[in-house]
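If you want the building blocks of each chain, they are given just below.
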Amino acid sequence: MPTDYLDQLPHARHAAIRSRREENRGLLASAQKGVVRFREPFESVAHLRARALDLGGDVVRIGAADELDTEARQTVLRALRAFMPWRKGPFAVFGVDIDAEWRSQRKWQRLLPVLPDLAGKVVADIGSNNGYYLFRMAHHRPRLAIGFEPYLQHYFAFQTLNQLAGLANLHTELMGVEEVGLFANCFDVVFLMGIVYHRVSPIDSLREVRRAMRPGGTLIVESQAIPGDEPVALFPEKTYAKVPGTYFVPTGACLVNWMKRAGFREVELFASHPMSSEEQRRTDWMTFESYADFMDPADPSRTVEGYPAPWRVFARGRNP
Ligand SMILES: C[S@@+](CC[C@H](N)C(=O)[O-])C[C@H]1O[C@@H](n2cnc3c(N)ncnc32)[C@H](O)[C@@H]1O
């Protein structure tokens with residue numbers, strides 16, 4: 001019987017976390033269509049375990065093509081297709097190449113120059129999606145890397161990939177950033193990427209994250225942003241680049257101020273770039289609209305709503 005990783009985190013609120021997990025267990029085992037739809041593909045491949053694992057390159061490689069016969073590979077392909085649309089990647093799973101909407105390796109490359117030493121550390125990835133970055137982190141040998149991901153589709157996509165990969169130090173909780181404070185004083189390094197602009201109260205989210213961090217820990221935040229040097233945020237009337245759940249879209253300077261006012265110190269921007277359809281695009285594994293459809297076709301410097309086209313900014317800070 002594998003031990004619960006919580007036993008390694010003495011400051012976490014064990015009773016509250018276990019009670020949240022209990023609620024989730026009920027949901028995950030239920031006969032609801034929306035659950036079965038993702039649980040079944042997970043179960044269909046749960047007996048397989050990859051021999052080859054390559055987490056050191058841009059493509060997360062789990063298993064090689066010659067490890068399975070044709071029938072088993074078809075089962076894997078069917079299971080993986082059930083998790084479409086794939087937003088984050090690329091992956092290669094037993095020789096099945098998953099070209100996701102986002103070329104997530106680019107984001108990882110931008111933060112590699114400032115990546116804290118993860119060896120032996122307890123790390124959180126908030127909004128971990130299918131776990132692409134958790135697998136990239138695993139290459140740096142953390143003691144534990146825990147993803148927080150409240151959506152069943154992504155949760156089961158990760159469980160499937162990690163069932164195949166068999167990495168005992170990677171986990172995902174079916175929880176959101178609003179619950180991360182239950183992991184009080186737990187994390188040496190936290191990644192909060194693609195989240196703050198989706199929050200009604202970005203400062204409250206950053207404070208919640210700080211509660212989960214150890215003194216001296218490092219927070220890395222990546223955000224959609226508007227261009228400019230003033231510390232301001234755009235608040236769209238309804239949608240921004242067609243996305244409804246977008247609230248405050250900051251400039252880099254604004255994000256720095258948010259982090260400082262949430263209590264982080266030594267806050268600095270370390271990268272920024274305009275978004276492009278090179279990095280986020282429609283593929284065989286994500287067949288819906290993508291970046292190019294979100295921009296004004298007559299003026300690529302504007303979103304379809306007439307707002308400034310998005311940038312992405314990266315900042316880091318220290319929990320004092
Ligand atoms: C824009 S994606 C960013 C994914 C990844 N972190 C990245 O940077 O590429 C936002 C992710 O956060 C997840 N999410 C949604 N609500 C959340 C919440 N309340 N707390 C944490 N994550 C959430 C989404 O399901 C999705 O996987």
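Before reading further, recall that the structure is shown in the block above.
### Thoughts on the site of the ligand
Next up, step 1: Close to the ligand lie 17 residues; Lys-107, Gly-127, Glu-149, Val-177 and Met-193 are nearest.
Next up, step 2: Within the side chain of Lys-107, an N or O atom sits 2.6 Å from an oxygen atom of the ligand.
Next up, step 3: Met-193 is positioned with one of its backbone polar atoms (N or O) 2.8 Å from a nitrogen atom of the ligand.
Next up, step 4: Considered on its own, the ligand offers 600 Å² of accessible surface; in the complex 85% of this is hidden by protein.
Next up, step 5: Here the shell around the ligand is built from residues that sort into seven nonpolar, five polar and five charged.

### What about the packing of helix α7 (residues 202–211) against helix α8 (residues 252–261)?
When two helices pack together, you describe them by how their axes are tilted relative to each other and by the distance separating the axes.
Next up, step 1: The contact between α7 and α8 brings their axes to 9 Å, and the two run at 50 degrees. Accordingly, the angle class assigned to the pair α7 and α8 is oblique. For the crossing formed where α7 meets α8, the hand is right-handed. Contacts between α7 and α8 involve Pro-202, Ile-203, Leu-206 and Arg-207 on the former and, on the latter, Trp-258, Met-259 and Arg-261.
Next up, step 2: For the contact of α7 with α8, a count of residues per class yields five nonpolar, no polar and two charged.

### Quick word on the pairing of strand β10 (residues 187–193)
Next up, step 1: In terms of burial, β10 is a largely internal element, seven of the seven residues being buried.
Next up, step 2: Where strand β7 (residues 122–126) lies against β10, four bridges are found, and the strand directions are parallel. Looking at β10, one finds that Ala-124 is bridged to Val-190.
Next up, step 3: Assessed by its sense of winding, the connection that carries the chain from β10 through α7 to strand β11 (residues 213–225) is right-handed.

Cut-off values and rules
Residues numbered from 1 in each chain as written. Predicted model: local features only at pLDDT ≥ 70, side-chain atom pairs only at ≥ 80, totals over all residues. Heavy atoms only, no water. Near = heavy atom within 4 Å. Polar contact = N/O pair within 3.5 Å; in protein donor to acceptor, adjacent residues only side chain to side chain. Areas by Shrake-Rupley, 256 points an atom, 1.4 Å probe, with all protein chains shown as cover. Nonpolar A, V, L, I, M, F, W, Y, C, P; charged D, E, K, R; others polar. Axes fitted to C-alpha atoms, helices over the stretch in contact; angles between N-to-C directions. Helix = DSSP H or I, 4+ residues; strand = E, 2+ residues; numbered from the N terminus. Parallel < 35°, antiparallel > 145°, perpendicular 65-115°, else oblique. Left-handed = near helix turned anticlockwise from the far one by under 90°. Contact = heavy atoms within 4.5 Å. Buried < 20%, exposed > 50% of the residue type's maximum accessible area, 1.4 Å probe, protein only. Pairing = 2+ DSSP bridges. Right-handed = clockwise from strand over helix to strand, strands pointing away.

Everything listed here is a matter of coordinates, which is why it stays silent on function.
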